[in-house]
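Each chain, written out:
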Amino acid sequence: MGLWMPFSSNRKPLGLRWRSSVWFITAVVGFGITTDLLVYSIIIPVLPFQLERLSYRRVSTLIGWLLCAYSGGLVLSTIPIAMYSERYSARRAPLIFGLFALISAQVMFMEAPNYAVMAIARVLQGISSSVVWIVGLALLCDTTPEKDVGKQLGIAMTGLSVGLLVGSPVGGALFTHFGFRAPFIFGEICAVVDLLLRLLIIERDVALKWGYDPSDATGVMMMETANASSTPDIQLSSMPMAHVQESTDTETNEVEETIVPDKSNLPNTRKLSITRKSIINSALVRRPTPLLSVIIKLSQSPRALVALTMSFVYGLVQSMQEPSLPLHLQSLWRFNSDQVGLAYLAAVVPALISSPLAGYYVDRVGSDYITCICLLLALPWWIVLTLRHSLALFLFALAAQCFFVSGVVAPVTTELASVSRKMAGVGYAHIYGAFNLAFGIGTAVGPVIGGQIYARAKHGWTALCCITSALIVICVTLAFCYTGADPLLAKFLRHYYPIDSIRKNPDEESSNPDNTSQVHIVSAA
């Protein structure tokens, strides 16, 4: 019971430290993202053959609607999942439910006798995807110290590239050698492993009940007894103020820190005697916030709106290539399916480096600089992609733009986490639900827009590259003006026009630790 039931109130969970640690949570979320993208992409090479075997015509149109069904499940489930996760302070349970939905979808798709069952299976896959992108990222931010959020998100985001990198080639090879069911069985094996990892998760609030705070960089353990239910209080040597974020005040997340020390009892360190109940109530209880209130708060934050706009553009740009890039390579350089797959590999591999690298530097220089740099460096390569003279140059440009565009994901998700911390009543699940919604809408309309433009425009690929370039210019402008607690535009104006009226964004607080969140604790006499 200690291993699988971390919510037990009378037995300390086995492996408490490592099962609640930042690195274990990062690994589980990263593997969950990998599984999600692998299952999404592994069946793409085999769908045409299975639909033809079932005697369907106009296969390309049917595949497009299956992709739409996936996006529909993702978008429609986003709001309920986000609201549930925040209302009931639940992370682990939705993650486990999402894996059962994914495994059920895989079995359903594998044994589907007709197209309607396939569509239902894709909707379930979309719901499962929403869970890992909303609840998984929220769990990671719950556990990670604020100063390391960018790095950990960047590492977890490599799962996106790994899943896409492995999915299609493995799916095609398994289908060729072992038949239609083989890719699904492989996906189910990965999902079962993911499920086992998620069952091992111990959330931060459960770890705190046993006197351990995984987000404390010093690894401070609170003194405890063998039976938690019989322990009236615990001794706390240090408790990080940045992690106590909820207040009884409905208007703000902050309360004043009032420490009344008794030097006779604290010769070397500040030891506070507080009840276990007070820790949980003050630090962990999330107040339910109405959906309309969350929407209003997000719509009033320029930082949130700009980050969500870039999430939408990222999904749109990435998905517009799906129907058009293979056709462009085929028409210009006579690529077959295997060669197109190698071209995708060249595009995806650099993203394995850019995402963690961008996350590392976000924690050190800020999301504003990294976002603008990545977008600016991605822009010229989209112009190069319009050239038709050299295949080597085309593939290099494809890899370069993917490197820099993928580098935007870590600063955008870090920016959203920062917005959530500074906004009363808006939790991580809320903010990543909005992220998932924006990204899902982008991926839903992207293939349709890309396919239509490529098919109808005289120079379809050039038109798509120009549209993407224009979108990047818009995103760079918005990021320059609004990204970060102190945007680059404000810094620029203060530097060249040092007047008092140019100040930091009033609704986006400084990253000063004294301005994050504080707790009112009075030491016991």
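Because the structure is predicted, anything quoted here is derived from the model rather than measured.

1. Observations regarding the overall build of the protein chain
Thought 1: What the protein chain contains, in helices and strands, is 20 helices and 2 strands.
Thought 2: The proportion of buried residues among the 525 residues of the protein chain is 52%.
Thought 3: Once local pairs closer than 6 in sequence are excluded, the contacts in the protein chain between residues at least 24 apart make up 79%.

2. Remarks on the packing of helix α15 (residues 367-384) against helix α16 (residues 391-406)
Thought 1: Contact geometry for α15 and α16: axes closest at 8 Å, N-to-C directions at 155 degrees. As judged from the angle between their axes, α15 and α16 are roughly antiparallel. Our pair here, α15 against α16, has a crossing hand that is left-handed. Where α15 abuts α16, its residues Cys-374, Leu-377, Ala-378, Trp-381, Trp-382 and Val-384 lie against Leu-393, Phe-396, Ala-397, Ala-400, Gln-401, Phe-404 and Val-405.

3. Observations concerning helix α14 (residues 351-365)
Thought 1: Taking 1.5 Å as the rise per residue, α14 with 15 residues should run 21 Å; its terminal C-alpha atoms sit 20 Å apart, in good agreement.
Thought 2: Taken residue by residue, α14 has Ala-351, Ser-354, Ser-355, Ala-358, Gly-359 and Val-362 as its buried positions. Mapping the buried residues of α14 onto a view down its axis gives an arc of 125 degrees, with all of them on the same face.
Thought 3: Once α14 ends, the next one or two residues include Gly-366, with phi positive near 105 degrees.

4. Quick notes on the pattern of salt bridges
Thought 1: Taken as a whole and judged by the stated rule, the model has 10 salt bridges.
Thought 2: Notably, a salt bridge pairs Arg-181 with Glu-111, separated by 3.0 Å at the nearest N-O pair. Note that Arg-181 is positioned in helix α8 (residues 181-200) and Glu-111 in the loop between α5 (92-110) and α6 (115-143), a separation of 70 residues in sequence.
Thought 3: Arg-181 sits in the partly exposed class, given a relative accessible area of 45%.
Thought 4: A relative accessible area of 42% places Glu-111 in the partly exposed class.

5. Re the packing of aromatic side chains
Thought 1: All chains considered together, the criterion is met by 16 aromatic pairs.
Thought 2: With centroids separated by 6.4 Å and ring planes inclined at 90 degrees, the aromatic side chains of Tyr-432 and Phe-435 adopt a geometry described as edge-to-face. Of this pair, Tyr-432 and Phe-435 both sit in helix α18 (residues 428-456), separated by 3 residues, roughly a single helical turn.
Thought 3: Lying over the aromatic face of Tyr-360, Arg-364 brings its terminal NZ or CZ to 3.9 Å of the ring centre.

6. Here we look at the nonpolar core
Thought 1: In terms of nonpolar packing, the biggest core is built from 89 residues, with Ile-33, Trp-133, Leu-137 and Tyr-432 touching the most fellow members.
Thought 2: With 13 residues, the single largest contributor to this core is helix α12 (residues 302-333).
Thought 3: Once residues lying within four places of it in the same chain are set aside, the contact partners of Ile-33 are Val-132, Trp-133, Leu-137, Ala-156, Met-157, Gly-159 and Leu-160.
Thought 4: Grouped together as the second largest cluster of nonpolar side chains are 26 residues, Val-59, Phe-109, Phe-180 and Leu-195 included.

7. Overview of the packing of α14 against α15
Relative placement of two packed helices is described by the angle separating their axes and the distance separating the axes.
Thought 1: At a minimum axis separation of 7 Å, α14 and α15 run at an interaxial angle of 135 degrees. Comparing their axes, α15 and α14 come out oblique. Residue-level inspection shows Ala-358, Tyr-361, Val-362 and Val-365 of α14 in contact with α15, the latter providing Ser-367, Asp-368, Tyr-369 and Ile-370.
Thought 2: A per-class count over the contact of α14 with α15 returns 6 nonpolar, 1 polar and 1 charged.

8. Things to note about α18
Thought 1: The end-to-end C-alpha separation of α18 is 42 Å, in line with the 42 Å expected for 29 residues at 1.5 Å each.
Thought 2: The sharpest bend along α18 comes to roughly 30 degrees, located at Val-445, with the proline Pro-447 sitting one to four residues further on.

9. A short note on the confidence of the model for the protein chain
Thought 1: Averaged over every residue, the pLDDT of the protein chain is 78; the share at 70 or more is 79%.
Thought 2: Note that residues 222-285 has pLDDT below 50 and, in this model, 130 contacts with residues that lie over four places away or in other chains.

10. Focus: the environment of Val-419
Thought 1: Mapped onto the elements of the fold, Val-419 is located in helix α17 (residues 409-422).
Thought 2: Once the C-alpha coordinates of Val-419 and Ala-307 are considered, the two residues, 112 residues apart in sequence, prove to be 9.7 Å apart.
Thought 3: Leave out the neighbours within four places in its chain, and Val-419 touches Ser-301, Arg-303, Ala-304 and Ile-431.

11. Overview of the side chain of Gln-401
Thought 1: The topology assignment puts Gln-401 in helix α16.
Thought 2: With relative accessibility at 1%, the residue Gln-401 sits in the buried group.
Thought 3: Setting aside anything within four residues of it in sequence, one finds Gln-401 in contact with Gln-321, Ala-378, Trp-381, Trp-382 and Leu-385.

12. Some details on a nonpolar patch on the surface
Thought 1: Residues Ile-353, Leu-357, Tyr-360, Tyr-361, Val-365, Tyr-369, Ile-373 and Leu-377 make up a contiguous nonpolar surface patch of about 710 Å² in total accessible area.
Thought 2: Among the elements of the structure, α14 and α15 are those that each provide at least two residues to the nonpolar patch.
Thought 3: Within the fold, Ile-373 resides in helix α15.

13. A word on the environment of Asp-205
Thought 1: Note that Asp-205 resides in helix α9 (residues 204-209).
Thought 2: The class for Asp-205 is buried, based on a relative accessible area of 17%.

14. Overview of the side chain of Arg-303
Thought 1: Along the chain, Arg-303 turns up in helix α12.
Thought 2: Exposure remark for Arg-303: the relative accessible area of 3% places this residue in the buried category.
Thought 3: A distance of 2.7 Å separates a polar atom in the side chain of Arg-303 from a polar atom in the side chain of Glu-415.

What counts, and where the lines are drawn
Residues numbered from 1 in each chain as written. Predicted model: local features only at pLDDT ≥ 70, side-chain atom pairs only at ≥ 80, totals over all residues. Heavy atoms only, no water. Helix = DSSP H or I, 4+ residues; strand = E, 2+ residues; numbered from the N terminus. Buried < 20%, exposed > 50% of the residue type's maximum accessible area, 1.4 Å probe, protein only. Contact = heavy atoms within 4.5 Å. Axes fitted to C-alpha atoms, helices over the stretch in contact; angles between N-to-C directions. Parallel < 35°, antiparallel > 145°, perpendicular 65-115°, else oblique. Left-handed = near helix turned anticlockwise from the far one by under 90°. Expected span 1.5 Å × (residues − 1). Arc of directions from axis to C-beta. Salt bridge = Lys/Arg side-chain N within 4 Å of Asp/Glu carboxyl O. Phe/Tyr/Trp six-rings, centres within 6.5 Å; stacked < 30°, edge-to-face > 60°. Lys NZ or Arg CZ within 6 Å of the ring centre and 35° of its normal. Core = buried A, V, L, I, M, F, W, Y, C linked by side-chain atoms within 4.5 Å. Nonpolar A, V, L, I, M, F, W, Y, C, P; charged D, E, K, R; others polar. Bend = angle between axes of the 7 residues up to and from the residue. pLDDT = per-residue confidence, 0-100. Patch = residues over 30% accessible without salt bridge, like charges linked within 9 Å, V, L, I, M, F, W, Y side chains within 5 Å. Areas by Shrake-Rupley, 256 points an atom, 1.4 Å probe, with all protein chains shown as cover. Polar contact = N/O pair within 3.5 Å; in protein donor to acceptor, adjacent residues only side chain to side chain.

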